[in-house]
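# Breakdown of the fold
Residue strings, one per chain:
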Amino acid sequence: MKKQRIVTLSTAILASALLLSACGNNTNDNGAGNPANAGQPAANNAAGDTANNGTAADPAAGASGVVTASDLSKLPDIAKKRTDTIIVGLTDPSGAFTPYFQQSGYDGNVSSLLYTPLVKVDDKGLPIPGLAEKWDVSADNLTYTYHLRKDLKFSDGTPLTADDVAFTWTILHDKSYDGDSLVNTLNIKGGDAYKAGTATSVSGIKVIDPQTISVTLDKPNASALTLLGSDVLSKAYYGKDYKQGQLDYMKKLSGSPLGTGPYKLEKFIPGQEVRMIANENYYDGKPKTEHFIYKTAQGDTWQYLETGEVDYASFSATKENIDKLKAMGFVNILPYTPSNYGYLQLNLKHPALQDKLVRQALTYGLDRQSIYVDAAQGAGQVANIPSSPISWSYTEDGINPYKYDAEKAKELLDQAGWKAGADGIREKDGQKLTIHYLGSKKPETDIFIAVAKEDYEALGIKFEPEVFADFNALVSKVEGGDYDMASFSTSLLTDPSDGLLQFVDGEIPGYEDPAFKALYDKGLATSNIDERKAVYKDIYKLLNDQLPVIFTSYKKSVYAYNGRIQNLSVSPFNGLAPSLPKWTLSQQ
Amino acid sequence: MSTIHGETTAALSSPTPQPVKPVYTSLWRQSLRRLLKNKLAVFGFVVVAFMFAACFLGPLFSPYTDNKINMAFMNKAPGLKHWLGTDALGRDVLTRVLQAGRISLTVGLASMVLSVFVGSLLGVIAGYYRGIVDQVIMRLADLLLTIPSLPLLFILGALLSEWKVPTDYRMYIVMLMLSIVGWPGLARMVRGQMLSLREREYMQATVVLGLRDRRKLFNHLLPNLVPLLIVIATLNIGGAILYESVLSYFGLGVMAPTPTWGNMIDAANNMIDFQDHPWLWIPPGFSIFATVIAINIFGDGLRDVLDPKQKR
Amino acid sequence: MSTYITKRILYMIVILFAASFLIFCLYALTPGDFITGNIKLTPERKAELREIYGLNKPVIERYAIWMKNAFHGDFGYSLSQQKPVLSLFNQYIWNSFLLAVVSTFLTWLIAVVVGVVAAYKQYSWFDTIVMVALFAAMSIPSFFIGLFLIKMLAVDWKWLPPGGMLTTGSNSTGLAYVREVIHHMMLPVMVMTLLGVGSLTRYFRSNMIDVIKQDYIRTARAKGLKERKVLFTHALRNALLPAITLVGFELPALFGGSLIIEKIFNWPGIGQLYMQSFSLRDYPLLMGFTLFIAILTVIGTLVSDILYHVADPRVRL
């Protein structure tokens, strides 16, 4: 009898672990450093990239609504005992710490502390000097020149020069490069030739002197400044075995990073901790706190914060979570809106959904307030454009909020020619109006299905939900094209163009609009923020009216951290990396 | 060593198609009487019957429906209006628990019966005929045991989706396929038992007596297996009910918003719900617990009555 | 006997070949691949990456390449973690093994003792209470037991750490290290034991009930032997014999890791690694691990078949 049990149990255990993983990812935002990992597939969500983009400003970010700890004496002893160490929970760092080459966003969180980008962005999203003290953009917006700081050093004390920067950009154009950096999509002059192997260097990259480097593009792209202005790999260390077309050796170096960040890797204990130690060669001075540890924290993080095992964690901003955190007494609470947005992808190859009126009806007829705000207990906000409220490009001016209105939805459907048939389901040309919905298994999907089924059936639309066990399976079904509607959320966005990319690069098949394409290019053709703002406003209006996808929601999170930590701030675009060097632990 | 009792009660479960002789009927009655005397077993049966009745009839008397959303009544604690409180969408937990029981009970029992049937059938064949038949079945079992279930479920999910099987039926198809794939464990066990049984003295006696295969199998071997099968079957019922929620995770089980006990428990799988909303997981949890224990108690009683080796 | 074993080992090799092919196909056919889930990539870049990773080749060809490398002892690099598959196993598998060994030992110990006593006192209060507790443990999902114990023992009473294998940042070595690990593994071992003990106890109880009613026990009693001696030497030995065959089946379980437990208690085990690799479709890692478990499973069945013969020599192999 035991034998049988083992067989069934092992299957059950396997699968219920999946249940857990899904729930863990969504009810709690575990990855403290990288808020976007919540509700996202755990994979491929490189936070390193968060640090890369970003152009300009809007002051509306995070700082408001901070709750400070009411009673620090409640702080658990175990946390009090730590005097020179800060511990932050991180879902699952895997140990591959080379930027550009790593596959997991959690590793990206780690490498964002081990490396410093050439150009950082401030809390408002404006570019500020990192390793580069200044930069110039040519009048035609094609040539970018970066001026490095003097006496820059890698953490082992070796000097950092323009050659290292050139090396970094060059290998991203190698044909064997298998990471997801977008540098190779910037159309750097000579990049394609290098990739094809017909040139031995990228002609657009020019080292002018050891502290100056320039790069020339074939086509203007406003996001290039920060995309190129990212982390720098040491040529002496990462380049000694490099042959064009052969980057396999990089894997061997993934566990022993050599960077320029505020911290350097001390020890990686698989599945448990990433221990880091302050880097005395950091350009901005050695960080105040000697030790920093990312602790692997799968599943619930409550117990670790409550027992003082971690100093900092992130949670979904539900009322209950916030109340519970307040009751703890020893944590400060910082509200936060990640820079991504959620949407329902529509299959524009299906005739019914090609009709704008139907898409609008589907939006009016879906009670998004109930799904994303009420059922989420306030940890969300309804979205109507492809940009987050914290972005400088965000606007509500002239944007239709598509407030829930079943009557309006029915009207639009009638107008589109979909009339109720004998069984109450709307029909047109003998076709029934059916929405075949795909979602991945998580609590939010269950809520969505429950509400959407009720709403759409009230409109006379047949709603057929289907749920997939993981994100990968869902995407592959969507790629197969057999669906009408599917729930997604973007990765973290910095530049407004990031959120629009999916409408131009073929990710949404069937959406072709020359007017939109022209506006998209126009938005990237200039670096002037005010000009760009105007362009993006037009784009948002256009998309808000056309609705190639149904915009759904922005998530809301809170950070909770040990009240002893001083000088902590969280950048909406870079997470905790920018302020971390200044963190101190007050003694009491 | 083993007693002759096997001979007499053996006829009990004989499915032989010959006209039933009166003596069997009285044996059935006799067993039933003995079962009724076992108060615990009767209690178990009554509880199971009650669960069925409550789940299939209960929702008819509820003023709520299982899927009616009411955002104004989110996560309310049990009270006069909602006896067992409401969930995150303001749905009545009591109604949902009862509604859920319909599917959970059906699925639990059906999949239990099915998997025990398939597994024991192959085990009996392998153990009884031995030789090449045994080799083929058991080596096939070895192969199946090495197959990981995770990709298998994913592929099944994708196939059923591809073939546009209505989501309501998927669960039953999957349960069927899983018992087809999941037989090796049970089959090995039953085969082992068969190997040991056929070496017993009374089996050697049947050889001496020159009994036919069918008689040997149905009258002498199977009755001795029944107790083992009952224990396995009743032990597995809880697992089967919980397993349904695992399947729905793969898009293979019941589709939201339709509730099942497993789904309801899983929905409360986090610290906040665990601590602050116990009414979300206690009702389905207790329902599974009560069902499992009642069926096991009943199974124990049944086993005692049917076990040829038990004294009476 | 030895010809039987030789024959079985031959079969075993054939089965493993068939299994490796079947498993490879299963993973390859699972919807989505390593590239699919990365939402940042454009369709062109996705195609490019599939080319780099060889994912666009036919399954048979990929299998042949994998098999050829495996024969040379090269199980490849994990796609997502960028480390050799074998060294990753080495990093994680022993942590899982540690939990499994201890909890399996405890499970068997408790199951035997409780099963024997419950059988001896069939239908007593002790028997009833034990059974109710066991059924409760079997009908509640393990994550609830885990959450419950964390809440009570770690958060409220602070007796035990809530998870992990070491106190974060600890630099202890030697005996202090051992003590720390033991302290951390108590909660997960408790839950694993609770989960496993139910069915095994039932098994021993029902075996024991069978045995107690056998003639030779009556004979032993009639001879005037002490009850304890009758129970623990004559009866227990015979009740245990059939259970020996189960030992072989514990083999893969010892190395397979426990996904839920590892997740709830943040234990750095192989189960978690497998799960993550699966959701990323990290083929080399999945393939290596599954084949490893398959080998253990096949060995386990062989061992249990042989033990079966040892336990009950009347059974011909």
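An unreviewed UniProt entry annotates chain B as ABC transporter permease subunit of Paenibacillus sacheonensis. Entered under Subcellular location (unreviewed entry) in the UniProt record, the comment concerning chain B runs "Cell membrane". Chain B has a UniProt comment under Sequence similarities (unreviewed entry) that states "Belongs to the binding-protein-dependent transport system permease family."

By the naming in an unreviewed UniProt entry, chain A goes by ABC transporter substrate-binding protein and is assigned to Paenibacillus sacheonensis. The annotation that UniProt attaches to chain A under Sequence similarities (unreviewed entry) is "Belongs to the bacterial solute-binding protein 5 family." As recorded by UniProt, the Subcellular location (unreviewed entry) comment attached to chain A reads in full: "Cell membrane".

The next thing to look at is the interface of chain B and chain C. With 46 residues of chain B in contact, the opposing surface of chain C contributes 52 residues. Carbon and sulfur atoms supply 68% of the area that chain B and chain C bury against each other, a total of about 4,700 Å² over both sides. Across the contact surface, chain B and chain C share two salt bridges. Between arginine 8 of chain C and aspartate 142 of chain B there is a salt bridge whose closest N-O contact spans 3.8 Å. In this structure, the connection of chain B to chain C is made through two residue pairs in polar contact (both at pLDDT 80 or more). Residue assignment for the side of chain B that touches chain C shows that the elements contributing at least two residues are helix H5 (131-145), helix H6 (149-162), helix H8 (184-198), helix H10 (213-249), helix H11 (261-267), helix H12 (271-276) and helix H13 (278-306) of chain B. Take the side of chain B that touches chain C: its biggest share by element is nine residues, from H13 of chain B. By residue class, the composition of the side of chain B that touches chain C is 23 nonpolar, 10 polar and 13 charged.

This next bit is on the UniProt feature "transmembrane region" (unreviewed entry) in chain B. As recorded in UniProt, the sites labelled "transmembrane region" (unreviewed entry) are residues 40-61, 103-128, 140-160, 172-190, 221-243 and 279-302 of chain B. Between the end C-alpha atoms of residues 279-302 of chain B there is a gap of 34 Å, over a span that is 100% helix and 0% strand.

So, on to the UniProt feature "domain: Solute-binding protein family" (unreviewed entry) in chain A. Look at the UniProt record and you will see "domain: Solute-binding protein family" (unreviewed entry) annotated at residues 127-501 of chain A. In this annotation, residues 127-501 of chain A is assigned 27% helix and 24% strand; the end-to-end C-alpha distance for the span is 21 Å.

With that out of the way, let us pick up the nonpolar core. Counting 141 residues, the largest nonpolar core has Leu362, Phe448, Tyr456, Met485, Leu500, Phe503 and Ile539 of chain A as the members making the most contacts within it. Looking at which element gives the most residues to this core, the answer is helix H12 (residues 283-311) of chain C, with 12 residues. In contact with phenylalanine 503 of chain A, other than residues within four places in its own chain, are Tyr341, Pro386, Ile508, Tyr511, Phe516, Leu543, Pro548, Val549 and Phe551 of chain A. Formed by 121 residues, the second largest nonpolar core is a distinct cluster that contains Val190 and Phe289 of chain B together with Met208 and Leu236 of chain C.

Our next topic: the pattern of salt bridges. Under the defined criterion, the tally for this structure stands at 38 salt bridges over all chains. The shortest N-O distance in the salt bridge between aspartate 305 of chain C and arginine 188 of chain B comes to 2.4 Å. You can see aspartate 305 of chain C sitting in helix H12 and its partner arginine 188 of chain B sitting in helix H8, one on each of two chains. Through salt bridges with shared partners, one network takes in Arg139, Asp142 and Arg188 of chain B together with Arg8 and Asp305 of chain C.

Turning next to the confidence of the model for chain B. If pLDDT is low for a region, its predicted coordinates should not be looked at in detail. Per-residue pLDDT for chain B has a mean of 78; in total, 89% of the residues score no lower than 70. In this model, residues 1-23 of chain B is a region of pLDDT below 50 whose contacts with residues beyond four sequence positions or in other chains number 27 contacts.

Residue and element names in this part refer to chain A. By the criterion of burial, strand S12 (residues 331-336) is predominantly enclosed, with five of the six residues buried. Sheet topology places S12 next to strand S22 (residues 557-562); six bridges connect them, and they run antiparallel. Counterpart to asparagine 332 in the pairing with S22 is tyrosine 561.

What follows covers the sheet that holds strand S17 (residues 431-432) of chain A. Residue and element names in this part refer to chain A. Strand order in this open sheet of three strands is S15-S16-S17, and the pairing throughout is antiparallel. Of all the strands in the sheet, just strand S15 (419-420) and S17 have a single pairing partner and so form its edges. Where S15 meets strand S16 (residues 426-428), two bridges bridge the pair, whose relative direction is antiparallel. From the neighbouring strand, alanine 420 faces S16, where its bridge partner is arginine 426.

What follows concerns the domain arrangement of chain A. Where interface size is quoted, it is often the accessible area lost as the parts come together. Residues and elements named next belong to chain A. Per the domain assignment, the segments of chain A are domain 1 (72-91 + 262-337 + 557-585), domain 2 (114-253) and domain 3 (342-555). Just the C-alpha atoms count here: the centres of domain 1 and domain 3 sit 36 Å apart. The interface is formed by nine residues belonging to domain 1 together with 11 residues belonging to domain 3. Both faces considered, domain 1 and domain 3 share a buried interface measuring about 790 Å² in area, 59% of it formed by carbon and sulfur atoms. On the surface where domain 1 and domain 3 come into contact, there are zero salt bridges. Our count for the contact surface shared by domain 1 and domain 3 stands at two residue pairs in polar contact (both at pLDDT 80 or more). Looking at the side of domain 1 that touches domain 3, its residues break down into three nonpolar, four polar and two charged.

What counts and how
- Residues numbered from 1 in each chain as written.
- Chains lettered and ligands numbered in written order.
- Predicted model: local features only at pLDDT ≥ 70, side-chain atom pairs only at ≥ 80, totals over all residues.
- Heavy atoms only, no water.
- UniProt positions renumbered as here; feature names shortened; annotations may be inferred.
- Contact = heavy atoms within 4.5 Å.
- Buried area = accessible area lost by both parts, 1.4 Å probe.
- Salt bridge = Lys/Arg side-chain N within 4 Å of Asp/Glu carboxyl O.
- Polar contact = N/O pair within 3.5 Å; in protein donor to acceptor, adjacent residues only side chain to side chain.
- Helix = DSSP H or I, 4+ residues; strand = E, 2+ residues; numbered from the N terminus.
- Nonpolar A, V, L, I, M, F, W, Y, C, P; charged D, E, K, R; others polar.
- Core = buried A, V, L, I, M, F, W, Y, C linked by side-chain atoms within 4.5 Å.
- Buried < 20%, exposed > 50% of the residue type's maximum accessible area, 1.4 Å probe, protein only.
- pLDDT = per-residue confidence, 0-100.
- Pairing = 2+ DSSP bridges.
- Domains from an automatic or database assignment.

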